[in-house]
Amino acid sequence: MAPDVFNNGVAEFIDGLKAIRIPWRQATQERFALAVAASLGAIHEIHAPLIVMPHGAGFGKLVRGRRGVRAVGGSVAYGLDAQRLVYDGEVVPAAIALSHDHDLGRLGRACPEAVPAAAVVGDPSYDRLVASLAHRAAYRRALEVGADQTLVVVTSTWGPRSLFGRAAADLLPRLLDELPRRHFRVVMLLHPNIWFAHGVWQVRTWLADCLRRGLGLVPPEADWRAVLAAADLIIGDHGSATLYGTVTGAPVVLASYSEGEVDPASPQSVLAAVAPRLSPDVSLREQVAMLRSERPGDRYSGVAERITSAPGRFDRNMRGLMYRLLRLRQPAAITATPPAAAPFLLDRWAAHQAPHRWARTPDGFPY
C-alpha cells in the first residue's frame, strides 16, 4: 500500500481478503517475482517486473504536466503520461496493459518510449459486466427492487466537478420526490474516493435524509458491476461507471459532465457526444419515461466498442502476460470469467443516526 491521500480504508480491504500486509518501506527494500499496479504513485520504488494497468475504463482523466516533463498540449491522460511512466530517463513498467488498440496511438503520442512495453489485453470490468448480465434478476432482488419497479442507478465519480459535487444535493431529493416509490427504486453508486476521502460517517450524514426517504446506497465493498447490470436507467457523469453502463443495454443520461477533466481522445468523450443530458427544467418522471421508451443499443454501440478491442479475453491475455514476465509455463486450463457477486446496500440504521445537512465549499462540492 503505497503512500496516498486516498489510503483510508485500503488496509481494511486487504485484511478482509485475509491477505498478509507488509509495510511499504519493507516492500521497497525486497525483490519480488512480479508486481501489478493500477495506480502509478511511487512505482519506481518497486524492485520487480511491473505491470501497470488502468484502474477504470481506459485512460480518460486529464492531468497537468509538471515543469520540465513532456506533456501534449500541457496535459495528458493519466496512465499514459511520461511524468509517471518514466523515471530517471527509463520506462519503469515492464508491461503497460491497455484495454484497446486505440490506446496504442494515444500512448505513442504521449510517451513514445513506452510503446514497446505496451500490451493490449482487454478490460476486466467490461468482461465481468457482460458475464453478469444473465444474473440481472438476482441482483435486483439483492437491491430490493420490486417486480414492478424501475431501478434508477445514480453514479458519480469523485471531485468537485463530479455529479456528487455538482448536482447530487438537488438531484437526489428531486428523484425521490418525483419518482413514486411504488414504481421506482433509486440507488446511489459512489466512487470509492468519495467514501475514503471523507469517511463513511460523513457520506452517511450528507445522505441521511435521502436514506430515510428510501434511497438505496451501495457501500464501497459491494460489487458495482452487479448494480449496473441490474439497472433500468443510469444517471451519471464523466466517471468510468457511467461509461460501463453503456454495456448493459440500459439508457444512460448525463446529469453532470466536466469537459476540462476528460481527454478528448477517450471513450468518455465519445459518450459525451451521444448521451442525452438531464434537464433541470423538465419533470424527471417525464424524462425517465422518454429515455426508457428509446432503444439505446444503436446510440451506445460505438461507445461500448471503444472500451475494449479484446472483449471476453482479458483473463486469458492478462494471465499470459503475467506468466511471460514470471518466465513460467502457464497452466493449460482456461477459466471462464465469473459474474459479479450479488450487491448489497448500506445498512438502513445509519440513516437515523445523523442530521440532514449538506455543507458546501464555494465550488459546490460537499466537504
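The structure under discussion appears in the preceding block.
Attention in this report is confined to the structure presented alongside it. As the structure is a prediction and not an experimental result, all values here were calculated from the model.

1. Some remarks on the overall build of the chain
Check the secondary structure of the chain and you find 17 helices and 13 strands. Computed over its C-alpha atoms, the radius of gyration of the chain comes to 21 Å, within 12% of the 21 Å expected for a compact globule of 367 residues. Looking at the chain residue by residue over its 367 residues, the buried ones come to 50%. The long-range fraction of contacts in the chain, counting pairs at least 24 apart against all pairs at least 6 apart in sequence, stands at 68%. For the chain, the exposed area adds up to about 17600 Å²; of that, 53% sits on carbon and sulfur atoms. Computed over 41 positive and 34 negative side-chain charges, the separation of the two mean positions in the chain equals 2 Å.

2. Notes on the environment of alanine 336
Tracing the backbone through its elements, the reader meets alanine 336 in the segment after helix H17 (314-326). On the basis of relative accessibility, which here comes to 68%, the residue alanine 336 falls in the exposed class. Residues alanine 336 and valine 115, 221 residues apart in the sequence, show an inter-C-alpha distance of 30 Å.

3. Digging into helix H14 (residues 267-274)
Taken together, the buried positions of H14 are Pro267, Gln268, Leu271 and Ala272. Taken down its axis, H14 places every buried residue within 150° of arc, on the same side.

4. Overview of the pairing of strand S12 (residues 233-236)
Burial of the side chains of S12 extends over both faces: Leu233 and Ile235 are buried on one face and Ile234 and Gly236 on the other. Judged from the 3 bridges that link them, strand S9 (residues 150-156) and S12 form a sheet pairing that is parallel. Across the sheet, the residue bridging to valine 154 is isoleucine 235, located in S12. Note that S12 and strand S13 (residues 252-254) share 3 bridges and pair parallel. When the bridges of S13 are listed, isoleucine 235 appears paired with valine 253.

5. Regarding the side chain of serine 266
Among the secondary structure elements, serine 266 is positioned in the loop between S13 and H14. Exposure remark for serine 266: the relative accessible area of 0% places this residue in the buried category. Polar contacts involving the side chain of serine 266 include one to the main-chain carbonyl oxygen of aspartate 263, which spans 2.6 Å. Here serine 266 is in contact with Phe59, Gly60, Arg106 and Arg306, once residues within four sequence places are set aside.

Reading the values: the criteria
- Residues numbered from 1 in each chain as written.
- Predicted model: local features only at pLDDT ≥ 70, side-chain atom pairs only at ≥ 80, totals over all residues.
- Heavy atoms only, no water.
- Helix = DSSP H or I, 4+ residues; strand = E, 2+ residues; numbered from the N terminus.
- Rg over C-alpha atoms; globule rule 2.2 N^0.38 Å.
- Buried < 20%, exposed > 50% of the residue type's maximum accessible area, 1.4 Å probe, protein only.
- Contact = heavy atoms within 4.5 Å.
- Areas by Shrake-Rupley, 256 points an atom, 1.4 Å probe, with all protein chains shown as cover.
- Lys, Arg positive; Asp, Glu negative; His and termini not counted.
- Charge placed at Lys NZ, Arg CZ, Asp CG, Glu CD.
- Arc of directions from axis to C-beta.
- Pairing = 2+ DSSP bridges.
- Polar contact = N/O pair within 3.5 Å; in protein donor to acceptor, adjacent residues only side chain to side chain.

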